[in-house]
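# Fold and geometry: a report
Now for the letters of each chain:
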Amino acid sequence: MIFNSELMEKLACAYGPSGNERHVAELIMAELEGVVDELYTDDAGNVIAHRKGEGRKLMFSAHMDTIALLVTFIDEKGFLRVTNVGGISPTALISQRMLFENGREGILVLDKRGEKKDIDCAEMYIDTGLPAEEARRWFAVGDLCVAKGSYYETDEYVICPAADNRTGCYALIEAAKARVPSVFDVYYVFSVLEEINALGARCAGKLLAPDICVAVDTTVSNDSYEGFEISVKLGSGVGISAKDAGLVSHYSVYGMLCAAAEKAGIRTQPYACKLGATDAGGVSKTGRGVAAGAISIPTRYIHTPGECFCKSDLLDTVRLIEAVEQYAGS
Amino acid sequence: MQLIKDFLTEACAAPSPQGREFLIKPVLDRYFGRYCSDYACTGNESMIYSMPGVSGGARIMLDAHIDEIALMVSEVTEKGFLRVVPVGAVNPCCLVAKPVRVYGREVLNGIISQAPAFARGKGDSVEFEELLVDLGLPPEEVREKVPVGSPVLHDRQPFLLTEDMITGRGLDDRAGIAAMLECARLLAENRPESSVYFSCSTREEGPGAGALSSVNQIRPDLAIVIDVSGGYMPGKSGPQQVHLGKGPEVPFGNRINQKLFERLKQLSAETEVPIQTVAAAGRTGDDTEVIMDANEGVPCALISIPLCYMHTPVEVVSVRDISQCGALAAALIKSLDGPGWEELLCC
Amino acid sequence: MLLKELCMLPGLTGYEAPVRDFIRSRLDEVGIACRVDRLGNIIAENPGPADRKLMLTADMDEVSMIVTGIESSGWLKFGITGHLDPSVLDSCDVLIENSVSGVIGVKPIHALKREERGKPVPADALLIDIGARSREEAEARVQIGAKVTFAPRFRQLGCLVSGKAVDARVGCSVLLDLLLKKPPIGFTAVFSVIGRLDGKGLKVGVNQVQPDAVVQIKAAECADLDTVKPERQAAVLGDGPCFFMKDGGTVYDIALARRARRAAESEGIRTQLYRYCKTENYDIHYAMLAKPGADWLVMGVPCRYTESPVAALSLEDYRESVRLAEMLTRFLTKEEA
């Protein structure tokens, strides 16, 4: 299996904040045109790709949205004041370039006039390089912007924005294209608003009422100096969640994932962590309850403009999705 | 009360960590099976035992959570110890020098503790990152027998401190399950018109919501939630303390249906079951939270059993409080016989 | 090995009778002469030839508590004899007068402020709950002065055994096992009282025996966990019994310990040096002053989680310790001071 750099770059650099994911949705729809039996967006904005099959309903979920900043005010100098959408780390974004839907950019700056020691959104503003009147023409309160970064890869690693969770989207797309024979009736859900309590996935879960849900997302690792307590490293395989902050994985789903990986000879890294949440937690609570679990691409520097993952882990994730589709049963 | 003691003696010795609550199903089957003819299981593995009523009767859901506070293995260290993360809110202080059982591919004895004071050097605080589970086995054997995700529970058998006070692991919320069982026993002798569903709900501690899956399975007209609440102990300050042995706690507030609350007060006086009423200003922090706003809304009554040392291995409750809680719930259900129960639920 | 039976008995500092009676019965069964001195020490004679007066000794008592008050609410206040890490007491089971069960419970996490989580409650703020909810109810079952230990329990896990007082009784157990084997060299065994606090029993034992050489057998607290840097681990479980080098009150004879280690090695017995030196006083130096010039070796069985209800040691280390104790009887009777 060859790493599809072109697809990954397109996905990573696409503008798609929580609350305005349609550009990513369009991109994904174009990729899956003619690949699956049914392809549509639901009322919530999720992209749903359905590969019809005989067995139980299996839903894979990868979110399209990224964290973002929301413009709340344009001041007399034309600077934009902002608030967070999703779990922003202000220190990670200071001095970063922010990208707007209209293609324009600004730079996020710390307002040093105040005395505060802790940085939060109230102490930041965006300088768009325009005088006040021009700024008011091109930007408005309510605009969303995301951190702009560029795609860079080495032989083994990729550094790019939005690996959380465009890597998950990549995995679903490539697995859908592979069209391995499956024992399940498979739904690939590209969800909206995951960074805000998994709202999109919960809607999709209610709509589709799957028997099993597996979220495909990212997880932190402990092989850099970020200081996370988790037994996961880049380049050592797909993370399989026994527990994260949002869900204790269903025993049967966790077992299914491990068994499929073993059968197909895919390296995995099981983990139990206090941090992180995926679509799976939200979907598990829908209807009469859905058996749910999560597989994760180990990623460093999550929620920064330069997230870093290992190509082989992402390819292993695609293989694992295919293995689950083919083998899961015991 | 012997039924409650017998049940708790078995239940507090059986495991039910979040995600594997099914491990305790044989115990629940044996006890609830005596009084309930039907059984259903939800997608979140909540176990619902029920007794059908007559048509026209209310559909009543009782709820107590069967999952217990637990730890989960997150890593096997180089020396073959285990690192753990909590499932539910746990103060790491209660995990120093305690015997545990690890549910890996086999069930193994272990000890959880931290480094001795002379080697710690960091100060007094106990942190999860400093706790290790010792299995007394070489690392290769530990890696083979204990996968990441294995639950770790305190190794402690329940016992009676006095005729009335019982101590055991997981009384939060097996005390509630026991109260539901007592209610089932009373109703089996005196069948109500309502259909009654006893939901042993999963995933209450921490991020889950097994009770919600039960609501969607049952579609009840109303729910009676039975959980535990923090009982008085010296040093615990604040108004509205509830005491063990003085009867179940019955809160009122925005989460609780007012008419059901008034009915409980009335029944308490009529049946001479003492209760301790408490004003609950904000959230109640239990399954009521996920039940009341499900679908078109489910009116809730809440009865709590006072419990000391919540979320530690040495929880203590009064058996009589549990018995009275069960009796009160049964009385409430019986009082809904006949026409007119629907009016009770209107605001 | 009688370690389990010894650990399950209550043997509080100053109230060692149950342990003493047990040891005396075992010695009587095999015809070893022993007497009890005025403080409560057992002084037993292992018959046999010896060039020097040799004494082997171990303490009998465990860390314990005593009921100091009964609150109007029914909870009990207690004091500690010896030292206990308060986080060990948090949520533990205790046994009062070997018959009344109690728990030491703390405020639930929901009732704590953020900053309070993770901070152990100081020992003097802890209370014992025996299920009584009034002073009258409590007084009917427990009196002020009642003796309290951790609830007795003995478990096996992997290659370890763990339980209340495993660290406190291991010395007695090794010494008793040695006596029951009837080793050929003659020596005096002293099972001493009040070891946990300040070694007064040992000092009185030395005064009476006036030995040329002493081997004290106890537990050696290990910190061989992944969370501890190697230089702070002190000793490693499974590497054999330890020789101590110093404590807060004195430096031991390290040269002698080294010679003993070489002798042990030649017999295939693994030993290690105990690499942490307590800064607190171990009043053993008072005992040393009772017979100046005597050879002293302090030998420890490696033990994790000492002074807790789950103190644990390796059965392999235990067996090596008995072998070492026997070897030392031969080694020390040949040594010249």
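Just so it is clear, the model here is predicted, and its values are computed rather than measured. (Residues numbered from 1 in each chain as written. Chains lettered and ligands numbered in written order. Predicted model: local features only at pLDDT ≥ 70, side-chain atom pairs only at ≥ 80, totals over all residues. Heavy atoms only, no water.)

### Concerning the sheet that holds strand β17 (residues 311-314) of chain C
The pairing of strands in a sheet happens through backbone hydrogen bonds and is either parallel or antiparallel. All names here are of chain C. Pairing within the open sheet is antiparallel, and its three strands lie in the order β10-β11-β17. Strand pairing shows two members of the sheet lacking a second neighbour, β10 (154-157) and β17, which therefore form its edges. The mean inter-strand angle of the sheet, taken between neighbouring strand axes irrespective of direction, is 25°. Note that strand β11 (residues 160-163) and β17 share four bridges and pair antiparallel. Within the sheet, the bridge partner assigned to V161 lies in β17 and is L313. Lying over the sheet, helix α5 (residues 166-180) contacts β10, β11 and β17, oriented at roughly 40° with respect to β17. (Pairing = 2+ DSSP bridges. Helix = DSSP H or I, 4+ residues; strand = E, 2+ residues; numbered from the N terminus. Axes fitted to C-alpha atoms, helices over the stretch in contact; angles between N-to-C directions. Contact = heavy atoms within 4.5 Å.)

### Notes on the nonpolar core
Counting 88 residues, the largest nonpolar core has L89 and I96 of chain C as the members making the most contacts within it. The element best represented in this core is helix α8 (residues 284-290) of chain C, accounting for four residues. Contact partners of L89 of chain C, with chain neighbours within four places excluded, come to M65, F78, I80, L84, I104, A123, L126 and F150 of chain C. Counting 81 residues, the second-largest nonpolar core is a separate cluster that includes L28, L62, M310 and W341 of chain B. (Core = buried A, V, L, I, M, F, W, Y, C linked by side-chain atoms within 4.5 Å. Buried < 20%, exposed > 50% of the residue type's maximum accessible area, 1.4 Å probe, protein only.)

### Side note on the sheet that holds strand β4 (residues 68-74) of chain A
All names here are of chain A. Overall, antiparallel pairing links the six strands, which are arranged β4-β5-β8-β7-β6-β9 in a closed barrel. Each strand of the sheet is rotated relative to its neighbour by a mean of 45°, with strand direction disregarded. In this structure, strand β6 (residues 97-100) lies alongside strand β9 (residues 144-147), joined through three bridges in antiparallel fashion. When the sheet's bridge partners are listed, M98 is paired in β9 with A147.

### Here we look at the pattern of salt bridges
If you walk through the whole model with that rule in mind, you get 47 salt bridges over all chains. E101 of chain A serves as the salt-bridge partner of R22 of chain A, at 2.8 Å between the closest nitrogen and oxygen. Remark: E101 of chain A occurs in the loop between β6 and β7 (105-110) and R22 of chain A occurs in helix α2 (residues 22-32); sequence separation between them is 79 residues. Here R22 of chain A falls in the partly exposed class, since its relative accessible area comes to 47%. Look at E101 of chain A and you get partly exposed, because its relative accessible area is 34%. Its salt-bridge partner being K147 of chain C, residue E97 of chain C comes within 3.3 Å of it at the nearest N-O pair. Placement of the pair is E97 of chain C in the loop between β6 (92-96) and β7 (100-104) and K147 of chain C in strand β9 (residues 147-150), with a sequence separation of 50 residues. (Salt bridge = Lys/Arg side-chain N within 4 Å of Asp/Glu carboxyl O.)

### Focus: the environment of S73 of chain C
Inspection of the secondary structure assignment puts S73 of chain C in the loop between β4 (64-70) and β5 (76-81). Residue classification places S73 of chain C among the buried positions, given a relative accessible area of 16%. Distance from S73 of chain C to D129 of chain C, taken between C-alpha atoms, is 10.0 Å for residues 56 residues apart in sequence. Residues contacting S73 of chain C, with those up to four places away along its chain left out, are P234 of chain B together with A132, R133 and S134 of chain C.

### Describing empty space enclosed by the protein
All names here are of chain B. For the coordinates displayed, the defined rule picks out six cavities of 30 Å³ or more. If you trace the largest cavity, you find 17 residues lining it, with I69, A70, H154, R169 and T312 closest to the centre. Counting only elements with at least two residues in the lining of the largest cavity, the list comes to β4 (70-76) and β9 (151-154). Take the lining of the largest cavity: its biggest share by element is three residues, from β9. Taken together, the residues of the lining of the largest cavity break down into nine nonpolar, four polar and four charged. Looking at the second largest cavity, its volume works out to about 90 Å³. (1 Å grid on protein atoms, 1.4 Å probe; cavity = no way out; pocket = protein on both sides within 12 Å on 5 of 7 lines; lining within 4 Å. Points joined across faces, edges and corners; volume = space filled by probe spheres on them. Nonpolar A, V, L, I, M, F, W, Y, C, P; charged D, E, K, R; others polar.)

### Details of the interface of chain B and chain C
Taken together, the 58 residues of chain B in the interface contact 59 residues of chain C. Interface area, chain B with chain C, both sides summed: about 4,700 Å², of which 61% is carbon and sulfur. Ranking the residues of chain B by area buried against chain C places F118, L161 and Y309 of chain B at the top, with a combined share of 15%. Here chain B is connected to chain C by five salt bridges. The closest approach of N and O atoms between R155 of chain C and D155 of chain B, which form a salt bridge, is 2.9 Å. (Buried area = accessible area lost by both parts, 1.4 Å probe.)

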